[in-house]
Structures are given as C-alpha cells and as structure tokens.
Amino acid sequence: MDAPDTPPPTLDQLNAEIREVALQVHLAEERKDERDVVAAAHAGVDRLSRRYRDLIQSLSPGEQLRAERALGRRVIDLKRLASLLPKIPTSVKPESTPDRAADGGAPENRRITGVSWSHDRRVPTAKLGVGADVESWCGKCGQTTTPCIVGMVGTDPKQVLCQVCGSRHTHRTGPARRSTATTAVAGGDDRPRALDPEAQKKAAGLRALGEEVATATTVRVFDPKERYKAGEIIVHAEFGRGKIENVLRSSLLVRFPIGGLKSLMLH
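Let us look at the structure shown here. (Residues numbered from 1 in each chain as written. Predicted model: local features only at pLDDT ≥ 70, side-chain atom pairs only at ≥ 80, totals over all residues. Heavy atoms only, no water.)

**Quick look at the pattern of salt bridges**
Close approach of charged atoms allows side chains with opposite charge to pair. Using the following cut-off: The working definition used for a salt bridge is a side-chain nitrogen of Lys or Arg within 4 Å of a carboxyl oxygen of Asp or Glu. Strands here are runs of E lasting at least two residues and helices are runs of H or I lasting at least four, both read from the DSSP assignment and numbered beginning at the N terminus. Any residue under 20% of the maximum accessible area for its type is buried, any over 50% is exposed, and the rest in between are partly exposed; the area is computed with a 1.4 Å probe on protein chains only.
Evaluated as defined, the whole model comprises 11 salt bridges. Note that Glu34 and Arg31 form a salt bridge whose closest N and O atoms lie 2.7 Å from each other. We note a salt bridge from Arg74 to Glu238, for which the minimum N-O separation is 3.9 Å. Highlighted residues: Arg74 in helix α3 (residues 61-83) and Glu238 in the loop between β9 (233-236) and β10 (240-247), separated in sequence by 164 residues. Relative accessible area serves as the criterion here: at 12%, Arg74 is assigned to the buried category. One network of salt bridges, with partners in common, ties together Glu17, Arg47 and Arg51.

Given below as structure tokens:
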C-alpha cells in the first residue's frame with residue numbers, strides 16, 4: 001500500500017503504470033490457473049485504481065476532465081478485465097481447500113492452486129469515490145449496470161460512466177419517474193414505458209462479445225508486423241481482448257467489449 005505522504009502521480013507516470021498493469025492482466029488471462037500471476041494482476045489493478053483516484057482528487061475541475069478523457073477509460077477497461085479473472089481469497093486454510101480433500105469437494109466450490117471458483121463469495125465493499133464502481137440505472141441500456149464514478153457531491157456519487165454503452169449520466173438507483181404532465185399527455189396511461197429495442201440489442205451484443213472473447217481458447221497477442229484474418233480474437237496491450245471485424249491494407253478494425261470499434265495500424 002502506498003505511504004500516506006506519497007505525492008499523487010503525474011499523467012505521464014500513471015500512463016506508464018497503466019501499460020505495466022495491462023501486461024499483468026493480459027498475462028493473468030493466459031495463465032488463470034497460476035495463483036501468483038492472478039494475484040499480481042489483482043494487486044496491480046487495485047493499486048492503479050488508488051493512484052488514479054489520488055491523481056483526480058489532486059487536480060482542478062478542468063484538469064480532472066482532461067485526465068478522465070486521457071486515462072479514465074483505460075483504467076475502467078482494466079478493472080473490467082480484472083473482474084473476469086478468478087478471485088483470490090485473502091486467506092486459505094489447507095484443510096479447507098476442497099481439491100485437497102479426499103472426496104474432492106463440490107465442483108462449484110473447488111479451488112485450483114488457491115484460486116476460488118465459488119460463485120457466491122462476497123467481495124468486501126470499498127469506500128465510494130471517483131474511480132470506484134457502483135450499481136446505477138442506465139437509461140440508454142435500459143437496465144441497472146455497474147458504471148464507474150466520475151463525479152462526487154460530498155460522499156455521494158453524482159456522475160457515472162457506464163461500462164456497457166459508454167454513456168455518462170447522473171447516478172440513480174432506478175429509472176426516472178415520469179412527471180404528471182407527461183402522464184397527462186400520454187392519456188393517463190401509467191404503464192412502464194417499453195425499453196428502447198436498439199439499446200437492448202446493443203447491450204446484448206456487447207455482453208455476447210464480452211463472453212466470446214473472455215472464453216476464447218485461441219488468442220493472438222497483437223503485433224503490427226503480423227497478418228490477421230477477420231473473426232480472430234486478439235489481445236491488445238491497452239484495449240484488452242477484441243474480435244477482428246475487418247482486415248484492411250494497413251489496419252485492422254477490431255471490436256472490443258469495452259471501448260467499442262478501434263482501428264489498429266499495421267506495419
């Protein structure tokens with residue numbers, strides 16, 4: 001943990017740290033069964049999140065916006081990728097590890113090299129602040145998502161950035177209520193408004209893409225000197241895993257679950 005008197009990082013320092021942590025996370029994706037590698041990735045992302053919050057809190061409002069645009073999305077992407085990795089329990093007693101027991105334990109609770117695969121393990125709730133995740137209603141997605149906090153009012157989240165559709169909106173725990181005037185215009189019909197089909201379709205597509213790239217067994221590390229084909233899954237140092245949609249003469253069009261469509265230049 002950083003010392004209390006450690007000065008906040010600069011934009012250049014944090015940019016370099018993001019590249020280092022990105023490599024840790026991508027390595028952990030390839031070696032999920034190695035406890036030390038996965039633990040190092042989680043620790044790196046946690047430290048990066050703290051450093052990012054320290055930087056944001058040390059800046060003026062105008063500088064905060066610049067930092068969010070330059071680094072915020074990349075920090076959120078890494079946190080999302082790290083959330084797909086196995087969780088490392090803070091302490092594991094040898095006798096309680098199911099795969100060491102005589103009967104092997106229940107499949108859903110097995111731990112491999114100390115990594116817990118249980119689906120109902122609770123993660124300690126972190127203190128809310130800029131850069132932290134919080135459950136919030138996204139009107140564009142038409143559902144509750146887990147966006148990143150980008151603005152606070154006192155101790156309460158004010159502005160959040162959706163990690164599914166990329167929209168920035170006011171934090172709220174449920175859909176906004178329609179006003180009386182709006183209800184009157186609608187002829188007194190107070191039935192819930194249907195969700196936007198396009199937003200639902202987009203959100204479903206992003207979730208499907210995220211599952212596809214996360215579970216892919218053949219993943220190529222992006223190298224601008226290599227040649228690729230449409231449909232291949234690649235891993236990029238900054239954007240994480242993505243699926244190639246089109247191969248052009250000097251670039252690739254790659255769809256990333258978080259970050260959308262990117263053009264990657266080839267040599």
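That shown, we press on.
**Here's the deal with the sheet that holds strand β11 (residues 251-256)**
In plain terms, the rule: Strand pairing is assigned whenever DSSP identifies at least 2 bridges connecting the two strands. Contacts are residue-level and defined by heavy atoms, with any inter-residue pair within 4.5 Å sufficient. Note on definitions: angles span 0 to 180 degrees between N-to-C directions of axes, and those axes are lines fitted to C-alpha atoms, for helices only across the stretch in contact.
Strand order in the open sheet formed by five strands is β8-β9-β10-β11-β12, and the pairing between neighbours is mixed. What marks the edges here is a single partner per strand, and that holds for β8 (220-221) and β12 (260-265). Bridge analysis of β9 against β10 gives four bridges, and the strand direction is antiparallel. Across the sheet, residue Ile233 finds its bridge partner in β10, namely Lys243. Most of the contacts of helix α5 (residues 197-215) go to β10, to which it runs at about 105°, and overall it touches β9, β10 and β11.

**Focus on the environment of Arg80**
Position of Arg80 among the secondary structure elements: in helix α3. Given a relative accessible area of 31%, Arg80 falls into the partly exposed group. Between the alpha carbons of Arg80 and Val45 there is a distance of 9.9 Å; along the sequence they are 35 residues apart.

**Quick word on the sheet that holds strand β7 (residues 168-170)**
Taken together, the three strands give an open sheet; going across it, the order is β5-β6-β7, and neighbouring strands pair in antiparallel fashion. On the outer flanks of this sheet lie β5 (148-153) and β7, each paired with one strand and no other. On average, each strand axis in the sheet is inclined to that of its neighbour by 30°, with strand direction left out of account. Examined bridge by bridge, β5 and strand β6 (residues 156-161) share five bridges and lie antiparallel to one another. Note that in β6 the partner of Met152 across the bridge is Pro157.

**Examining the packing of helix α1 (residues 11-30) against α3**
We count it as follows: Note on terminology: angles under 35 degrees are roughly parallel, angles over 145 are roughly antiparallel, angles of 65 to 115 are roughly perpendicular, and the others are oblique. With the far helix as reference, a near helix turned anticlockwise by less than a right angle produces a left-handed crossing, and one turned clockwise produces a right-handed crossing.
Where α1 meets α3, the closest approach of the two axes is 10 Å, and the angle between their N-to-C directions is 20°. Classed by the angle they form, the pair α1 and α3 counts as roughly parallel. Two packed elements cross with a definite hand, and for α1 against α3 that hand is left-handed. Touching Leu11, Leu14, Asn15, Ile18, Arg19, Val21, Ala22, Val25, His26 and Glu29 of α1 are Arg66, Ala67, Leu71, Arg74, Val75, Leu78, Leu81 and Ala82, all from α3.

**Topic: the pairing of β12**
Both β11 and β12 contribute to a ladder of six bridges, which runs antiparallel. Within β12, the residue paired with Leu252 across the bridge is Leu264. The loop that links β11 with its antiparallel partner β12 comprises three residues; one of these, Gly259, has a positive phi angle of about 120°.

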